[in-house]
Amino acid sequence: MEARPQVQDDPELLARFTERIAAGDQIEAGEWLPGEYRFEAQRLIQMHANSEIMGALPEREWIPRAPTLARKMALTAKVQDEVGHGMLLYRVAETLGRSREEMIAELVEGKARFHNVFHYPAETWADVAIIQVFVDGAAMQTQGALRSCSYAPYARVLKRICYEEDFHIQLGLDVWRTLAEGTPRQRAMLQDALRRWWTPLIHFFGMPDRISPHTEKMLAWRIKVKSNEELRQQFLRRFVPIILEYGLEVPDPGLRRVDGEDRYVYTEPDWEELKRVGRNGGPKSAERLALRQRFYRQHAWVREAVHLWAAA
Amino acid sequence: MGRGVSAEEPPKGAEPPSGGAVPGGDAPGAPGRGESWERRLDTPPDVWAVFLQARKRDPHIHVGDVHAPDAEMALIVAKENYTRRDPCVNLWVVRAGEIHSTTEDAAEMFAPATDKSYRFGGSYRKQQQIYHSGWRLSHRDEDQ
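None of these values were measured; they are calculated from a predicted model. (Residues numbered from 1 in each chain as written. Chains lettered and ligands numbered in written order. Predicted model: local features only at pLDDT ≥ 70, side-chain atom pairs only at ≥ 80, totals over all residues.)

Q: Please give an account of the overall build of chain A that cites residues and values.
A: Summing up its helical and strand segments, chain A has 12 helices and 2 strands in all. Secondary structure of chain A in N-to-C order comes out as α-α-α-α-α-α-α-α-α-β-β-α-α-α. Computed over C-alpha atoms, the radius of gyration of chain A comes to 20 Å, within 12% of the 20 Å expected from 2.2 N^0.38 for 312 residues, which places it in the range of a compact globule. Pairs at least 24 residues apart make up 76% of the contacts formed inside chain A by residues separated by at least 6 positions. (Helix = DSSP H or I, 4+ residues; strand = E, 2+ residues; numbered from the N terminus. Rg over C-alpha atoms; globule rule 2.2 N^0.38 Å. Contact = placed C-beta atoms within 7 Å.)

Q: Requested: an account of the overall build of chain B, with residues and values cited.
A: Helix and strand counts for chain B stand at 3 helices and 6 strands. Shown N-terminal to C-terminal, the secondary structure of chain B runs as helices and strands in the order β-β-β-β-α-β-β-α-α. A total of 144 residues make up chain B; the buried ones form 17% of that total. Considering only contacts in chain B between residues 6 or more positions apart, those separated by 24 or more positions represent 56%. (Buried ≥ 20, exposed ≤ 12 C-beta atoms within 10 Å, placed from the backbone.)

Q: Describe the nonpolar core, listing the residues and the values that go with them.
A: Ranked by size, the top nonpolar core spans 60 residues in total, and within it A:Ile45, A:Leu89, A:Ala93, A:Ala129 and A:Ile130 carry the most contacts. Of all elements in the fold, only α2 (35–60), α3 (69–94), α4 (100–108), α5 (125–146), α6 (152–180), α7 (184–204) and α9 (228–245) of chain A reach the threshold of two or more residues within this core. Among the elements that take part in this core, α5(A) stands out by supplying 11 residues, more than any other. In contact with A:Ala129, other than residues within four places in its own chain, are A:Gly172, A:Val175, A:Trp176, A:Leu179 and A:Leu190. Counting 16 residues, the second-largest nonpolar core is a separate cluster that includes B:Leu52, B:Val66, B:Ala71 and B:Ala96. (Core = buried A, V, L, I, M, F, W, Y, C linked by C-beta atoms within 7 Å.)

Q: Residues and numbers for the confidence of the model for chain B, please.
A: Residue and element names in this part refer to chain B. Confidence in the prediction for chain B averages 76 pLDDT; 69% of positions are at 70 or higher. Taking the mean pLDDT of every element in chain B, the minimum, 46, falls on strand β1 (residues 22–23) and the maximum, 98, on strand β5 (residues 90–95). A low-confidence stretch, residues 1–32 (pLDDT under 50), is modelled with 51 contacts involving residues beyond four sequence positions or located in other chains. (pLDDT = per-residue confidence, 0-100.)

Q: How would you summarise the interface of chain A and chain B if you had to cite specific residues and measurements?
A: Tallying the contact residues gives 12 residues for chain A and 12 residues for chain B. If you list the elements that add at least two residues to the side of chain A that touches chain B, you get α3 and α12 (300–311) of chain A. With 4 residues, the single largest contributor to the side of chain A that touches chain B is α3(A).

Q: Account for unusual backbone geometry, naming residues and giving values.
A: Residue and element names in this part refer to chain A. Within the chain, Arg-222 stands out as a residue other than glycine whose phi angle is a positive 55 degrees. For Arg-222, a count of 21 C-beta atoms within 10 Å corresponds to the buried category. Phi at Asn-280 is positive, roughly 60 degrees, even though this residue is not glycine. Considering the arrangement of structural elements, one finds Asn-280 in helix α10 (residues 271–281). Overall, the presence of 16 C-beta atoms within 10 Å leaves Asn-280 in the partly exposed class.

Q: Report on the sheet that holds strand β4 (residues 61–67) of chain B, specifying residues and quantitative values.
A: Residue and element names in this part refer to chain B. What the 3 strands build is an open sheet, ordered β4-β3-β5; its pairing is antiparallel. The sheet is open, and its two borders are formed by β4 and β5, each paired with just one other strand. Going across the sheet, the axis of each strand differs from the next one's by a mean of 30 degrees, ignoring polarity. Where strand β3 (residues 47–53) meets β4, 6 bridges bridge the pair, whose relative direction is antiparallel. Residue pairing across strands places Ala-49 opposite Asp-65, the latter belonging to β4. Contacts between helix α1 (residues 71–82) and the sheet are confined to β3, β4 and β5, with β5 contributing the most and set at about 125 degrees to the helix. (Pairing = 2+ DSSP bridges. Axes fitted to C-alpha atoms, helices over the stretch in contact; angles between N-to-C directions.)

So, in structure tokens, the structure goes:
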């Protein structure tokens, strides 16, 4: 990870930039950017790209074990989408000044971050349903909001990504419905998966933001569009009803809707766990990174061949 | 894999100078006060811009970029990335560093400086309506 830059921006250019963003304008690749904007936007998009690539792994484990051919085909299509999203996002991150090779190397060496939810195991087929409905649903809240972010190349890619994520959620709901309306054993499996995923899902949006000059600046520059807590509440509003509709139990006994408000209270999760997982210290971090490394090395000859081809 | 699609070397311009956009010249008729209004993107030479035509009567639209060592490979990667489910009848790829673009600052030159309603059919339709309704009003008595 690069340290936050301490560059002094030209005050005149900075003022003009701030004015443009405040007027709702969006920035294209190659335009002048404040050093801090470039750093933050690049870091955000790189982490998003990493998460797409690493996020493909838990579900990939279930392709050979999918219960029917139709499920196998749909799951393969979804995993392919996620890897495709990674490709689109690395290209956007690259326009902010770091090469794709550099970013991939950083990920493989375990020096880069990816989303907390992809550090956890997918133990049963019901985990696939939870990932497709709730993990992708959580990601949709963040990514949907960011479609109005100020960096136009990212906003354009997000439009496409959200369109495909909608398919993932619909597919997931179909798996979810099958299990929720299935045998007692299937329902128990679904409930158990939901229990294991609940804390990572609450963690997903991060700690409630501190009101800091940094957060204010990210919001003003529209690198961040909604606060962590706003996004978490939006997620709970949309997804708690799905759990209740199928007669399953929300794994947090402290969760309730505040009377007369469109807001939920929930049991404060252990935020230390999120920090630990974020530093690649989750239950599956090492194993998944090792897998990524193995294939990175195994495919080195392809990259070399492509490089020689380009040079020939 | 043959090299049939393009055996050409990346042109000099595809090797961008470090930092920032490639400045363009002051073309005749360019707006502004000696400021550059044309540029090329600072893009690595292995980046290709992808243009997709959804149906025969549609124009090709830039849908994104891919990384590839040559045009044939770029078309293959573009197919995998941009035609998974939505319709497509034709793909173009072109080295992104070869695209010349107007600068974002130059957007104001597209804003109409004067009233251009005379270029639009709609404004004539509007005039006809006014004319006819005026005629109807003034001739109401004779009509009856």
